[in-house]
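Each chain, written out:
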Amino acid sequence: MAFALARKLPLFVLGGGSNLLVSDSGWPGLVLRVSLAGVEFEGDLQKMLFHAGAGENWDSLVALAVSKNCGGIECLSGIPGTVGGTPVQNVGAYGQEVSETITRVRALEIATGQVVDLSNSDCGFSYRSSIFNTTRRDQYIVLEVSYRLHRNGGPRIEYADVKKFFAAANIEKPTLQQVRDAVRSIRQSKAMLLVAGDEDCRSAGSFFKNPIVTAAEADRIQALAEKRAPGKNMPRYPAADGQVKLAAAWLVEQSGFSKGYSLGPVGISRKHTLAIVNRGGATAKDILTLKDAIQKKVFDIWGVGLQPEPVMVGF
Ligand SMILES: Cc1cc2nc3c(=O)[nH]c(=O)nc-3n(C[C@H](O)[C@H](O)[C@H](O)COP(=O)(O)OP(=O)(O)OC[C@H]3O[C@@H](n4cnc5c(N)ncnc54)[C@H](O)[C@@H]3O)c2cc1C
């Protein structure tokens, strides 16, 4: 950090690089890859605190928690990247978000060089958002994250895909390990797990966030959907403060972009509508061309502005 400051070089803090679109001209400064390792535990009969170094692999931490029969992050199995990346966009999947278990983020404040402890509420978590990617973006280097997990607690099964999985397997009360395995298997079927040889997982995960809109706006879009595609139910889910979460994947599909769509060397995953895939040799510009085309079409048809989820680096 001192090296970059002294030379007035822009600093980019890299975790696992799984949520990035890097410009074709690269990053005009210093890239600092956070590799801080180590996991420590403390707890009682009910709760267990996991203090994990920011450079630890996230899925290995989930595996460790599950092996210790600690619940709270099992549905977040299989998400690529590091521990330090998880608070940045409040990583979430299959009915869980890290904001439900994070008690403390220890970070280096770049402007002052001080190590600070941020509480859960200091982090300002909401859907795919925290102070780290909004109001205090690029101001901290996350060093360590503490997660408060439930000891011997039952797993969280709220998400339809996970419920369906266990109904089909005839398992009424799955263990944490069974939930972890189920989530990884569902993710693999959508190419949302990094598996060698699967070309559809060459992505940054979901490229667009699910839009959160007012109930009135959701009604407007639903009425339009009924007019345009009668009989096709528009998915909508309750969000905070009476708002409604729409499914970005549904909007993308209903705008003419289906799984397997191709535009030169980029395309949409054959297994997941929200993943933009590099089919080989694509530049960042190629990715942006498809992203722009999707955003424009969705806006023209539905009046909804889709927000990208990956972090744009060096643009
Ligand atoms: C196949 C696939 C599936 C995915 N599925 C999901 C999913 O289900 N849910 C989900 O939420 N995300 C998902 N993602 C996105 C990604 O895995 C997460 O956002 C992950 O937390 C990113 O962590 P990372 O360490 O790779 O961060 P990076 O991609 O390296 O960085 C992402 C951002 O975090 C910042 N950052 C990283 N580490 C630190 C640190 N120590 N201190 C300060 N800033 C830091 C970077 O500067 C950057 O702004 C998926 C990605 C892929 C490729």
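Residues numbered from 1 in each chain as written. Predicted model: local features only at pLDDT ≥ 70, side-chain atom pairs only at ≥ 80, totals over all residues. Heavy atoms only, no water.

Peer 1: What's the story with helix α2 (residues 58-67) in this structure? I'm lost.
Peer 2: Each α-helix winds once per 3.6 residues, and so residues spaced three or four apart point in a common direction. The complete set of buried residues in α2 reads Trp58, Asp59, Leu61, Val62, Ala65 and Val66. One side of α2 carries all its buried residues, which in axial view fall inside an arc of 155°. In this structure, the buried side of α2 is in contact with β4 (39-43), β5 (47-53), β6 (70-71), β11 (140-151) and α4 (176-189). After α2 finishes, the residue Asn69 shows a positive phi value of roughly 60°. (Buried < 20%, exposed > 50% of the residue type's maximum accessible area, 1.4 Å probe, protein only. Helix = DSSP H or I, 4+ residues; strand = E, 2+ residues; numbered from the N terminus. Arc of directions from axis to C-beta. Contact = heavy atoms within 4.5 Å.)

Peer 1: Got a minute to help me understand the sheet that holds strand β16 (residues 266-268) in this structure?
Peer 2: Strand pairing in a sheet relies on backbone hydrogen bonds, with the paired strands running either antiparallel or parallel. Taken in spatial order, the three strands of this open sheet run β15-β16-β17, and their pairing is antiparallel. If you trace the sheet from one side to the other, it starts and ends with β15 (262-263) and β17 (276-278), each paired once. (Pairing = 2+ DSSP bridges.)

Peer 1: Help me understand the side chain of Asp200 in this model?
Peer 2: Mapped onto the elements, Asp200 comes out in the loop between α4 and β12 (212-213). Since its relative accessible area comes to 2%, Asp200 is described here as buried. A distance of 2.9 Å separates a polar atom in the side chain of Asp200 from a polar atom in the side chain of Arg270. Beyond its immediate sequence surroundings of up to four residues, Asp200 is in contact with Ala191, Ser269, Arg270, Lys271, Val277 and Arg279. (Polar contact = N/O pair within 3.5 Å; in protein donor to acceptor, adjacent residues only side chain to side chain.)

Peer 1: Where do I start with the site of the ligand in this structure?
Peer 2: Taken together, 35 residues are adjacent to the ligand, and Val13, Gly16, Ser18, Thr82 and Arg187 come closest. Ser18 is positioned with one of its side-chain polar atoms (N or O) 2.6 Å from an oxygen atom of the ligand. Measuring from an oxygen atom of the ligand, one finds a backbone N or O atom of Asn19 at 2.8 Å. Protein chains bury 94% of the 970 Å² of accessible surface belonging to the ligand in isolation. (Near = heavy atom within 4 Å. Areas by Shrake-Rupley, 256 points an atom, 1.4 Å probe, with all protein chains shown as cover.)

Peer 1: What is the right way to look at the sheet that holds strand β14 (residues 244-246) in this model?
Peer 2: If you walk across this open sheet you meet the three strands as β12-β14-β13, and the pairing is antiparallel. Of all strands in the sheet, those with a lone pairing partner are β12 and β13 (236-238), marking the two edges. Of the strand pairs in this sheet, β13 and β14 are connected by three bridges, and their pairing is antiparallel. Across the sheet, the residue bridging to Pro238 is Val244, located in β14.

Peer 1: Looking at this structure, I do not really get the environment of Ala218. What am I missing?
Peer 2: Mapped onto the elements of the fold, Ala218 is located in helix α5 (residues 215-228). Residue Ala218 is classed as buried on the basis of its relative accessible area of 0%. Along the backbone, Ala218 and Thr283 are 65 residues apart, and their C-alpha atoms lie at a distance of 35 Å. Beyond its immediate chain neighbours, meaning those up to four positions away, Ala218 contacts Val213, Met234, Arg236, Val244 and Leu246.

Peer 1: Which parts of the structure should I look at to understand the environment of Ile212?
Peer 2: With respect to the helices and strands, Ile212 occurs in strand β12. Assessed through its relative accessible area of 33%, Ile212 is described here as partly exposed. Excluding anything up to four places from it in sequence, Ile212 contacts Tyr127, Ala239, Gln243, Val244 and Lys245.

Peer 1: What am I meant to see in the packing of helix α3 (residues 160-168) against α4 here?
Peer 2: A pair of packed helices is captured by two measures, namely the crossing angle of their axes and the spacing between those axes. Two elements in contact, α3 and α4, have axes whose closest approach is 10 Å; the angle formed by their N-to-C orientations is 110°. Between α3 and α4, the crossing angle belongs to the class labelled roughly perpendicular. When the axes of α3 and α4 are compared, the crossing they make is right-handed. Seen from α3, the contacting residues are Asp161, Val162, Phe165 and Phe166; seen from α4, they are Gln178, Val179, Ala182, Val183, Ser185 and Ile186. (Axes fitted to C-alpha atoms, helices over the stretch in contact; angles between N-to-C directions. Parallel < 35°, antiparallel > 145°, perpendicular 65-115°, else oblique. Left-handed = near helix turned anticlockwise from the far one by under 90°.)

Peer 1: Help me out: how do you make sense of the nonpolar core in this one?
Peer 2: Across soluble globular proteins, you tend to see nonpolar side chains buried next to one another. Formed by 45 residues in total, the largest nonpolar core has its most connected members in Trp58, Val105, Phe132 and Tyr147. Elements with a contribution of two residues or more to this core: β5, α2, β9 (102-109), β11, α3 and α4. For this core, the element with the most residues is β11, which contributes six residues. (Core = buried A, V, L, I, M, F, W, Y, C linked by side-chain atoms within 4.5 Å.)

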